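Chain by chain, the residues run as shown.
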Amino acid sequence: MSVLTSEWLKVRSLRSTYLVLGLALSAIFMGLALAVMAAGMYDTASLAQRSRARIADLEEVLVMVPQLCMGILGALTITSEYTTGSIRTSLTLVPGRWPVLAAKSLIVGALGLIVGALTVFGTYFLSREVLGDRFAGAYTTPFQDRLPLLLALSLTVPVFALLGTAFGALLRSAAGAIAVIVGLVYVIPMIIGKIPEPSSERLGSLMIGALPREITGDTITTSVYGSLLSPAAAAMVMVAYAILPLIAATWLVRRRDAWP
């Protein structure tokens, strides 16, 4: 508990924490702005255009914002100590070393849970309120039917927070860890989308962006992601994304010098 308290104090004392959290929560306002814009375009369109008009699920698109932000926050919680050299003090005071990484992971994971729920559900409810029955009733599906997907989307945010923490510890570089996070969110999915089938479908099914739909049993038809995994397998892959890099990071933190 002492280690957890001290790590929470460190996170609270970083100005970057509040900046990154603010940027993550801005996804809600982005969703509202897009919904208002889409509603205006729909209302001014002809009947023929309205019959063909479709809109993506804004909460599913904009979840990339908190994913990226929380991944960055996770990386900064540990790389900032390597930058200042305070990591030597932390690891000296906690000789076992792993409790330091565990405490950081618990804190950023909890923040990721809160931010993920706020952004996903906030974007969904605001978009539903603004769009109503426009776009062939895209937002008229009963809330209880959408709840599993919304929960699965929310859980991807703490996964990215833990990934950022793990890669920050592994690479001891904020730039390197952030590059990995950006790659997982944007770059790798685009590369996979260009690979010939069936490899594209198989690899796309393992990407984090595909997992929420696979966990809820939905089929992805208009995306670079695949949908080959069963709900149980997709849930296991999501857990692996969160846990395996942290295990590797813990192993390295315990075996190498505190300072690069």
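Given the structure is predicted, the values throughout are model-derived calculations rather than measurements.

Visitor: I'm lost on the overall build of the chain in this one. Help?
Guide: Along the chain, the regular secondary structure elements total 13 helices and zero strands. Going residue by residue from the N terminus, the α and β elements of the chain occur as α-α-α-α-α-α-α-α-α-α-α-α-α. For 260 residues, the compact-globule formula gives about 18 Å, and the C-alpha radius of gyration of the chain, at 20 Å, lands near that figure. Its C-alpha atoms give the chain principal-axis dimensions of about 70 × 40 × 30 Å. Counting over 260 residues, the chain shows a buried share of 45%. A gap of 11 Å separates the mean positions of the 19 positive and 14 negative side-chain charges of the chain.

Visitor: Would you mind going over the pattern of salt bridges with me for this structure?
Guide: Pairing is possible between side chains that carry opposite charge, provided their charged atoms lie close to one another. What the rule picks out here adds up to seven salt bridges. The salt bridge involving Arg-213 is made with Asp-57; its shortest N-O contact spans 2.9 Å. In this pair, Arg-213 sits in helix α12 (residues 211–215) while Asp-57 sits in the loop between α3 (47–52) and α4 (58–62), placing the two residues 156 residues apart along the sequence. Considered together, Arg-213 and Asp-57 belong to a single accessibility category, that of buried residues.

Visitor: Explain helix α9 (residues 143–171) to me, please; I cannot follow it from the model alone.
Guide: An α-helix turns once per 3.6 residues; consequently, residues spaced three or four apart project the same way. An ideal rise of 1.5 Å per residue puts 42 Å on 29 residues; α9 measures up with 42 Å between its terminal C-alpha atoms. Most pronounced at Leu-149, the bend in α9 amounts to some 25°. The positive-phi residue at the C-terminal boundary of α9 is Arg-172, with phi of around 55°.

Visitor: What am I meant to see in the environment of Glu-201 here?
Guide: Structurally, Glu-201 can be placed in helix α11 (residues 199–204). The partly exposed category is assigned to Glu-201, whose relative accessible area is 24%. Spatially, the C-alpha atom of Glu-201 lies 7.3 Å from that of Ser-227, the residues being 26 residues apart in sequence. Apart from the residues within four sequence positions on either side, Glu-201 is in contact with Tyr-225, Gly-226, Ser-227 and Leu-228.

Visitor: What's the story with the nonpolar core in this structure? I'm lost.
Guide: Generally speaking, soluble globular proteins have nonpolar side chains that are buried together. Counting 65 residues, the largest nonpolar core has Met-70, Leu-131, Val-159, Phe-160, Leu-163 and Tyr-241 as its most contacted members. The set of elements that each furnish at least two residues to this core consists of α2 (15–43), α4, α5 (64–84), α6 (87–93), α7 (98–131), α9, α10 (174–193) and α13 (231–255). Look past the residues within four positions of Leu-163 in its chain and what remains in contact with it is Ile-181, Leu-184, Ile-208, Tyr-241 and Pro-245.

Visitor: Explain the side chain of Thr-165 to me, please; I cannot follow it from the model alone.
Guide: As for its placement among the helices and strands, Thr-165 is situated in helix α9. Judged by relative accessible area, Thr-165 falls into the buried class, the value being 0%. Only 3.4 Å separates the side chain of Thr-165 from the backbone oxygen of Gly-74, close enough to count as a polar contact.

Visitor: Sorry if this is basic, but what is going on with the packing of aromatic side chains here?
Guide: Aromatic rings considered in pairs are described by the distance between their centres and by the relative angle of their planes. Evaluation of the coordinates by the stated rule reveals seven aromatic pairs. Centre to centre, the rings of Tyr-124 and Phe-125 are 5.2 Å apart; their planes meet at 70°, and the pair counts as edge-to-face. Using a relative accessible area of 1% as the deciding quantity, one classes Tyr-124 as buried. Judged by its relative accessible area of 42%, Phe-125 falls in the partly exposed class. Ring centres of Tyr-124 and Tyr-139 lie 6.0 Å apart, and the angle between their planes is 40°; on these two criteria the pair is classed as tilted. Of this pair, Tyr-124 sits in helix α7 while Tyr-139 sits in the loop between α8 (134–137) and α9; the two residues are 15 residues apart in sequence, bridging distant segments of the chain. Tyr-139 matches Tyr-124 in its accessibility class, with the two residues each being buried. Each residue in the set Phe-121, Tyr-124, Phe-125, Tyr-139 and Phe-143 is aromatic and connected to the rest through ring pairs, giving one cluster.

Visitor: How should a nonpolar patch on the surface be read in this particular structure?
Guide: On the surface, Tyr-186, Val-187, Ile-188, Met-190 and Ile-191 cluster together to form a nonpolar patch covering roughly 440 Å² of accessible area. With respect to the element layout, Ile-188 can be found in helix α10.

Visitor: Explanation requested: the environment of Leu-147 in the structure shown.
Guide: When you line up the elements, Leu-147 lands in helix α9. With 104 residues separating them along the chain, Leu-147 and Asp-43 place their C-alpha atoms 28 Å apart.

Reading guide: rules and limits
- Residues numbered from 1 in each chain as written.
- Predicted model: local features only at pLDDT ≥ 70, side-chain atom pairs only at ≥ 80, totals over all residues.
- Heavy atoms only, no water.
- Helix = DSSP H or I, 4+ residues; strand = E, 2+ residues; numbered from the N terminus.
- Rg over C-alpha atoms; globule rule 2.2 N^0.38 Å.
- Buried < 20%, exposed > 50% of the residue type's maximum accessible area, 1.4 Å probe, protein only.
- Lys, Arg positive; Asp, Glu negative; His and termini not counted.
- Charge placed at Lys NZ, Arg CZ, Asp CG, Glu CD.
- Salt bridge = Lys/Arg side-chain N within 4 Å of Asp/Glu carboxyl O.
- Expected span 1.5 Å × (residues − 1).
- Bend = angle between axes of the 7 residues up to and from the residue.
- Contact = heavy atoms within 4.5 Å.
- Core = buried A, V, L, I, M, F, W, Y, C linked by side-chain atoms within 4.5 Å.
- Polar contact = N/O pair within 3.5 Å; in protein donor to acceptor, adjacent residues only side chain to side chain.
- Phe/Tyr/Trp six-rings, centres within 6.5 Å; stacked < 30°, edge-to-face > 60°.
- Patch = residues over 30% accessible without salt bridge, like charges linked within 9 Å, V, L, I, M, F, W, Y side chains within 5 Å.
- Areas by Shrake-Rupley, 256 points an atom, 1.4 Å probe, with all protein chains shown as cover.

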